[in-house]
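A structural walkthrough
Take a look at the letters that make up each chain.
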Amino acid sequence: MVTRRKFLQSFFIVSTITLNKGWATKARRPATERRDLFPQGVASGDPTPNSVILWTRRPPIKGSSTSKLVVEIATTPEFTRILAVGTANVSADSDWTCRFLAKDLKPNREYWYRFIDDHGFASRVGRTITAIPNDSDAAVRFTFVCCQCPNEAGLNAYRKMIFEDEARPKDQRLNFVLHLGDFIYEVTWYAEDNPNGNRGRRIRNLYKFPQGRKVSNFHLPVTLEDYRTLYRAYLEDPDLQDARARWPFVCVWDNHEFAWAGYQSQYVAGGGFSAPAQNQKISANQAWWEFIPAQVTQPGNPRLEHFTRPAVVDTPLGNFDEDGLSEEPNNLLAIHSLKIQRVQRWGKNVDLLLTDHWSFRSPDLSTDDFDAPGYPRVSPQIPFEIMNYGRHYNGDKPPATIRFNGKDLPNPTKDVYAQTYLGREQKKWFMEQLGASTARWKIWGHSFGTMELRSDYQNLPGELGSGWPKDSGYAVIDNRFLRDKDEIFDFIRDQKIAGFCVVGGDRHAFYAGLASKSMPPKPYEPLGVEFITGSISQQTIFEVLEVTMSKTHPKRVLHLIDQPDGTVIPSMNVTAMHGVLSTLKLKETGDMEQARAVRNPEVAPHLSFLDQGGHGYGLVTATSDQLSVEFVCIPRPLERSERPDGGPLVYRVVHRTRLWKAGETPKLEQEILEGNPQYCI
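Residues numbered from 1 in each chain as written. Predicted model: local features only at pLDDT ≥ 70, side-chain atom pairs only at ≥ 80, totals over all residues. Heavy atoms only, no water.

**Section: the packing of helix H1 (residues 156-167) against helix H3 (residues 238-246)**
Interhelical geometry of H1 versus H3 gives an angle of 40° and a closest axis separation of 8 Å. With respect to H3, the element H1 is oriented oblique. Crossing angle aside, the handedness with which H1 passes H3 is left-handed. Between H1, through Asn156, Tyr158, Arg159, Ile162, Asp165 and Glu166, and H3, the contact on the second element is made entirely by Pro238, Asp239, Leu240, Asp242, Ala243 and Arg246. Classifying every residue of the contact of H1 with H3 gives five nonpolar, one polar and six charged. (Axes fitted to C-alpha atoms, helices over the stretch in contact; angles between N-to-C directions. Helix = DSSP H or I, 4+ residues; strand = E, 2+ residues; numbered from the N terminus. Parallel < 35°, antiparallel > 145°, perpendicular 65-115°, else oblique. Left-handed = near helix turned anticlockwise from the far one by under 90°. Contact = heavy atoms within 4.5 Å. Nonpolar A, V, L, I, M, F, W, Y, C, P; charged D, E, K, R; others polar.)

**As for the sheet that holds strand E26 (residues 475-478)**
What the three strands build is an open sheet, ordered E21-E26-E25; its pairing is antiparallel. Sheet topology places strand E21 (379-380) and strand E25 (453-455) at the edges, where each strand pairs with a single neighbour. In the sheet, E25 pairs with E26 via three bridges, with the strands oriented antiparallel. Bridging from a neighbouring strand, Arg454 pairs with Val476 of E26. Together, E25 and E26 form the strand contacts of helix H11 (residues 571-578), whose direction differs from that of E25 by roughly 85°. (Pairing = 2+ DSSP bridges.)

**Side note on the sheet that holds strand E27 (residues 500-504)**
Working definition: the strands of a sheet are paired by backbone hydrogen bonds and lie parallel or antiparallel to each other. In spatial order, the strands read E19-E20-E24-E27-E29-E28-E32; together these seven strands make up an open sheet with mixed pairing. Of all strands in the sheet, those with a lone pairing partner are strand E19 (342-346) and strand E32 (607-611), marking the two edges. Sheet twist, expressed as the average angle between the axes of neighbouring strands with direction ignored, equals 25°. Bridge count between strand E20 (residues 350-354) and strand E24 (residues 441-446): five bridges; the pairing is parallel. Counted as the bridge partner of Asp351 is Lys442 from E24.

Below, the structure written as structure tokens:
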């Protein structure tokens, strides 16, 4: 029997707030479920021990419209007794979305909610869970996901996630889902422009932009209505909608929520289009805010009862400060129109630190003069590092020239800022939060992760290596923002912070390993653990190269090994984990044991697992003394699975680490639970 007064506070356009002790004894209200009138379903987000945001969208449909919604919370899905109630207006100003902040709830409780319009038509019933108390030692369980596009694939990973969670004992079920970005893909291919699909994927044409902009053979959003169109279409996917109705989501954005290759308020779509886009950045932020229930704020609008659009003019970015931030006033207004950096506490065991990796990043710099022709998708290490550090290379003493392929070429970044994604103020905030955390596990929700991926192309024999610039070190496959990494990892070392963990997305691959500032021959000093999840559905580099890389390409062996039966080995994993000689031995023998026997231990001492072809999600369990992360990998989701379990598994692999003390080196243990990911370990 609930005796304490509960209430709901509208978090968007407030109509009325109902406070009534008697609701706990009221029977359920007469209502007819009409999911068709709530086509994007229901959702909840950013739970705390005593609050959670509830969300729905109720647009006018087939002559049925409403101006007001009632939200009800109960302790059972049957709504036999109503615990709390609230009301709010809905209108076209918010694209008919509603956000309610439900407060005064009890910690670690399961609640059920629904929305009812002024005709008595109800949404589907949603389930949400509040966070555990701040003083609790209870285990924290969550999944982390990224990169979904129902326009080109099925979101089967969510169906698998739901099926497995329903089968668990209640005390072992997930607390929440962490979405690390690319919730939408603003780059859109239309079927009529691409009759053969997109790199082997069928295009579904779930939406068309009301305005949009066509560049090459793809389409880009321009207006607020264009971005809203994306969210509406994505949220009609049944698996994503069921997942949002089952768990609270905690979300950050990555690049595609605004711009494919953009930075700050500059819209960039690869090499095809680039323009200042302050109004578009604000539109992207507003659409995210309208469709993603999150406790985030706008400057000067701490309650966020409505999204306030600052008046801006699309203006070329200029007046860059020493960190590459454009101080052009319209740019600053646009990038500060929504602040998503925040910390969420989950008992004594977890602080979840969330950051924004696109609004403050510096412009990319061209490195075309330092490419190695014939070696796709890699960069020579030494020129890359010199240019990434800019004026801060070598203790603020960058060289005037860079030695490359036997020539001394001018250093184009000698007087340029170092590349950054956090920006000065956010980086300072992050380190302050990290240093102040008393949680046993400090988990950084990172949209793309910090781990370096490289290979020893300098060791390629004969003709395979004849064109690699030997004075350039390793081949960098993926490494980013080196000075940001330096400062953060130096801070972790100097402050003697233990229990540091990164969970990342974006790379469309599974990684597991130790987090370190640098790799050999530089000092290798692991200070944490890191896990990156494969995409929910978006294409992996393995899939892309299968389709686009010629079978006669002389360097194909470094990425793919073709088998007589038509299958393809993802040798790209072996090249990055063990080195080029291991890959060549695998090509020769087909045997991974022989391949590992000739591995170069300095290529990737930090990596325990790498799968550049995997889809699925990561499942984190954090206790007082152990952190485990389970990778759940599903087959390539070309079509939606109709099976209740979401379809078969490729593998299930778990990595565990014990909580280490300051000054100790973290260690990872690996266990293969299902499948045979032999080319990933």
